[in-house]
Structures are given as C-alpha cells and as structure tokens.
Amino acid sequence: MKRTTTALLTTLLLAVGLAGCGRPFLPATPPGFVDLGDRYGKKEYRAATPDGAVIGVRAFENEPKGDLAFWTRVLENRMRETGGYALLEKRAVKAGALEGTLLRFGHDEGKDPHLYHLAVIVDDAHVFLIEAGGPRAQIERFAPQIEWSIRNFRAK
Amino acid sequence: MNVRLLRMVALLVACASTACAQGSMAAPSPAFAKVEAAPEPMSDGAPGGMSAPPPPPAPAQPSRTPSTPTSMPAKRAPGPDKDASGAEQAGEVASPRAPMLIYTADLTLAVYDVGPSLAKVEDLAKQVGGYLARRDDRAITIRVPARRFDEAVQRIEGFGDVLHRNVVAEDVTEEFRDLEVRLKTLHAVRDRLEQLLQKAQKVEESVAIERELERVTGELDRIQGRMKFLHDKATFSTITVTFSPRHTEDVQKPTFRLPVPWLNQLGLGRLLSL
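Below: a short report on this structure. Since the structure is predicted, the reported quantities are computational estimates derived from the model, not experimental observations.

1. Notes on the overall build of chain A
Then, in step 1: On a plain count of helices and strands, chain A comes out with four helices and nine strands.
Then, in step 2: What you see in chain A, going N to C, is helices and strands ordered as α-β-β-β-β-α-β-β-β-β-α-α-β.
Then, in step 3: By the burial criterion, 33% of the 156 residues in chain A qualify as buried.
Then, in step 4: Within chain A, contacts between residues separated by at least 24 positions form 51% of all contacts whose residues are at least 6 apart in sequence.

Here it is in structure tokens:
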C-alpha cells in the first residue's frame, strides 16, 4: 500500500514538474507543416514546410502586465521602427477562447518578396506570439493552414 | 667846387637809394612772389586765377568750365586741391594731404539664430547713416560712412562670437592723384583740340581733330568714372558679415523602447533561421 502511494506521489510530482517546465501552450501544427521538435527551447515551437514557410509560437511572461491592445500597439510600433516591414493588414483573430490580433506585414528579403504574419494573444500570465513567414507565394499558398493554426492554438 | 661835388654825390646816392627801394619791392624771388599771390584766387574766388595753369588757353577757362563736370565730388575728396596746385605752381613740394583710404571688413560670426542677426546688421547700417548693399540667407553686406566704420564693426562684433575678422584699409591716394593729374592734362588737351577744330581749314584736319577729340573725351569719362568710384568707396566703407549658425546640441529624438528583451527578436530574420 505504501509503495503504491509513494509511486503515485512520485508520478504526480513528475507530471507537475514536467508540465511546469513545458510549453505553456498547445500549438496546432497545420497540414503541410512538420513540427521541428523542442530544439528551440521549451517555450518555443516551430513548424515548417519543405519550401520555406515557417510557423513559430513563443510565450513570454505578461510583464509588464498589459492587455491585448497594449501589446498590439507595442508590436506595431516596434515593427515600424525595425524598418523594411509594411503593415498590410491588422485584424482581430480568435485563438480558442482567447482574443488576439493578427498583423500582416510585407517585406523584401533580397529580391524576393516575403510575408510575415504576427499574431499576438494575451492572457493574464502570458503574451503569446504566433509568427508565420516565408516567401510570399508560400505564405499565400498556406494562408488557410496558418489561419487554422492560429484558431486552434490553445493556451494552457 | 666842393659844394657842387657834394650836391652831385648826394643826387647819385638819392638815385641809387630810390632804385634800391624799387628793386626791393620787385626783385624778390619768383617763388616767394607766387607763394604770396597764391591765396588770392581762393579769397576772391576768381576762376582761372593764380591756381590755373598759365599757358595761353587759360583765358578761355571760364567759358569752358560749365561743360566739364567740375562738380564731381571726387575732385574734392582727397584734400585741398587748390592749395596743392598752387604749391606745385610755386615749385614747392605739396603739403601732404589726408590719405584716401578704402576700408573693407569681412566678419564671420557664430550665432544661434541667423535671421534676427541679419536684421540687426541691417538696422545698424541705417542707424549709422549707411545702407544695405546685399543680403542673402547667411550673409549681409552693408555700406557705412567711413567715419563710422570702426563704430559699426565694433557693434557688429557684439552680435555673436567672432570666428573670423578681416579688416583691410586700401590706400588709393596715389591712384587718385594720378587720375587728377591725368584729368587736368586731358582737359587741357581737349581745350586745345577744340580751339584747333575751330581754326581747321580743311575737312581732313577737322575729321582728324574730331577723332582725337572723341578719344580724349572717352578717356576723360573713364577717368572721371574711376575717380567717382574711388571716392564712393572711400566715402562709404563696406562691411560684409557672414553668420554661421551655431549648432545646438543635437538631441536625438528619443526612441521609446520598453524594457522587454524579446521585442528585439521579431521579424523574418529570426523566424526563418532554423
């Protein structure tokens, strides 16, 4: 009996520990993309197509604590300062139960036009960034998959 | 006999003394006589008097005077002409007259605000009896009476930090006197030519004289123009002030950046680096 209780407690602690160390979100890998695993750290997810379209998800502490409008504005300003990115579209998106904002930028990498999508989703504890980028043709081709990935993103 | 001899001696002495007395009135050196006589035309203002050259054409001088531009200010500018010519006439060394100087100043001042500084210099020119000669965005040139040149420069130097100062006094006395002499000579030549023209008998003579007369008149005009120019430059000094805007410390527009490191990791560069 004691052994069984000890084993259960150990399993529970391990589960809690693993959960605490893992990603605070559940990414949704769309069809055509492959999950690149945990090689980018435990708070970052990446998936890619064979032709150069990449989706990435990162989570940061919501510190300083801001709401969606705040972080959207911060990202918008920062991308404007970065230079070379043209804001093509800005609209609200849903990520499960959370509200988010999608910013679509155009960018020229060398002679090739690229697209960069940046969705920001905010809850009390985290700021989640869902990024998608690559050559324009690829991103346009995978636009529905990227939209699906954002819609099916889940914060833990 | 003795009485008669004495009377003859007395008569000779009297004659000699009379001759001596007359001689003492008329015999002094010509130079002295002329020095004494020189002031006369100044006092009574008779034209063509002692100061005029004595050659034969002299009597016609009064009638010619109106046709020549004797009212040119340049003639009076350097100093007492009549005294000088009288002295020269007397064979004496002319007394030195005031030099004819053309003052020019170039100043470069550093100021914070160029526009108002330009306006201050322009106002200053008017205050000292001068005028604006040229003005652009950064520089201004004014002309001020020569007697107030120093004052104007000093006041302008108070308008900003003097970065560069160049003051030049060009002495044109010699050139002006040369021009005066040439002017006088050419007047005489022209008068003579006019007289010859009146006496000319043949057409060829008249044509040749008129041609020469035209050349002389042209030269007269040129000299008078140059004298007027020098006189004007000497009467009004030129001050050019260039303002160099003093750069205020360049304050970069502060870039507002939140202390959030991950904001520096946005963009395609990072995302596509797999």
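We are not done yet, so read on.
2. Overview of the pairing of strand β3 (residues 139-145) of chain B
All names here are of chain B.
Then, in step 1: Across four bridges, the pairing between strand β2 (residues 131-135) and β3 is antiparallel. Considered in β3, the bridge of L132 is made with I142.
Then, in step 2: Between the antiparallel neighbours β2 and β3 lie three residues.
Then, in step 3: One ladder, built from seven bridges, connects β3 with strand β5 (residues 236-245); its direction is antiparallel. Considered in β5, the bridge of R143 is made with T238.

3. Some words on the sheet that holds strand β1 (residues 101-111) of chain B
All names here are of chain B.
Then, in step 1: Strand order in the open sheet formed by five strands is β2-β3-β5-β1-β4, with mixed pairing between adjacent strands. The open sheet terminates on both sides in strands that have one partner only, identified here as β2 and β4 (161-171). Looking at each pair of strands side by side, their axes are set apart by 15° on average, direction ignored.
Then, in step 2: The sheet strands contacting helix α8 (residues 149-157) are β1, β3, β4 and β5, and the helix crosses β5 at an angle near 5°.

4. Observations concerning the packing of helix α9 (residues 173-199) of chain B against helix α10 (residues 203-235) of chain B
All names here are of chain B.
Then, in step 1: With their axes 9 Å apart at the nearest point, α9 and α10 run at an angle of 155° to one another. On the basis of the axis angle, α9 is roughly antiparallel to α10. Both α9 and α10 take part in a crossing whose hand is left-handed.

5. Overview of the nonpolar core
All names here are of chain A.
Then, in step 1: Core analysis: the biggest nonpolar cluster contains 35 residues, and V120, I121, F128, I130 and F153 have the highest contact counts within it.
Then, in step 2: Mapped onto this core, the elements with two or more residues apiece are β3 (44-48), β4 (54-61), α2 (68-82), β5 (85-95), β6 (98-109), β7 (112-122), β8 (126-135) and α4 (143-151).
Then, in step 3: Not counting residues within four places of it along the chain, the set of residues in contact with V120 comprises L68, W71, T72, L75, G100, T101, V127 and L129.

6. Quick word on the sheet that holds β4 of chain A
Residue and element names in this part refer to chain A.
Then, in step 1: Taken together, the seven strands give an open sheet; going across it, the order is β2-β3-β4-β8-β7-β6-β5, and neighbouring strands pair in antiparallel fashion. Edge positions in the sheet fall to β2 (34-35) and β5, since each of these pairs with one other strand and no more.
Then, in step 2: One ladder, built from five bridges, connects β3 with β4; its direction is antiparallel. By the bridge assignment, R46 is partnered in β4 with G56.

7. A word on the environment of G37 of chain A
All names here are of chain A.
Then, in step 1: Looking at where G37 falls in the secondary structure, it is placed in the loop between β2 and β3.
Then, in step 2: Overall, the presence of 9 C-beta atoms within 10 Å leaves G37 in the exposed class.
Then, in step 3: The sequence separation of G37 and A47 amounts to 10 residues, and the corresponding C-alpha distance is 8.1 Å.

8. Section: α4 of chain A
All names here are of chain A.
Then, in step 1: Taken residue by residue, α4 has Q145, I146, S149 and I150 as its buried positions. Buried residues of α4 fall within an arc of 140° about the axis and therefore sit on the same side.
Then, in step 2: In this fold, the buried residues of α4 make contact with β4, β5, β6, β7 and β8.

9. Some remarks on unusual backbone geometry
Peptide bonds are, in most cases, trans, and in most cases residues other than glycine have a negative phi.
Then, in step 1: Cis geometry marks the peptide bond from E63 of chain A to P64 of chain A; its omega dihedral reads 0°.
Then, in step 2: For P64 of chain A, the location among the structural elements is in the loop between β4 and α2.

Reading guide: rules and limits
Residues numbered from 1 in each chain as written. Chains lettered and ligands numbered in written order. Predicted model: local features only at pLDDT ≥ 70, side-chain atom pairs only at ≥ 80, totals over all residues. Helix = DSSP H or I, 4+ residues; strand = E, 2+ residues; numbered from the N terminus. Buried ≥ 20, exposed ≤ 12 C-beta atoms within 10 Å, placed from the backbone. Contact = placed C-beta atoms within 7 Å. Pairing = 2+ DSSP bridges. Axes fitted to C-alpha atoms, helices over the stretch in contact; angles between N-to-C directions. Parallel < 35°, antiparallel > 145°, perpendicular 65-115°, else oblique. Left-handed = near helix turned anticlockwise from the far one by under 90°. Core = buried A, V, L, I, M, F, W, Y, C linked by C-beta atoms within 7 Å. Arc of directions from axis to C-beta.

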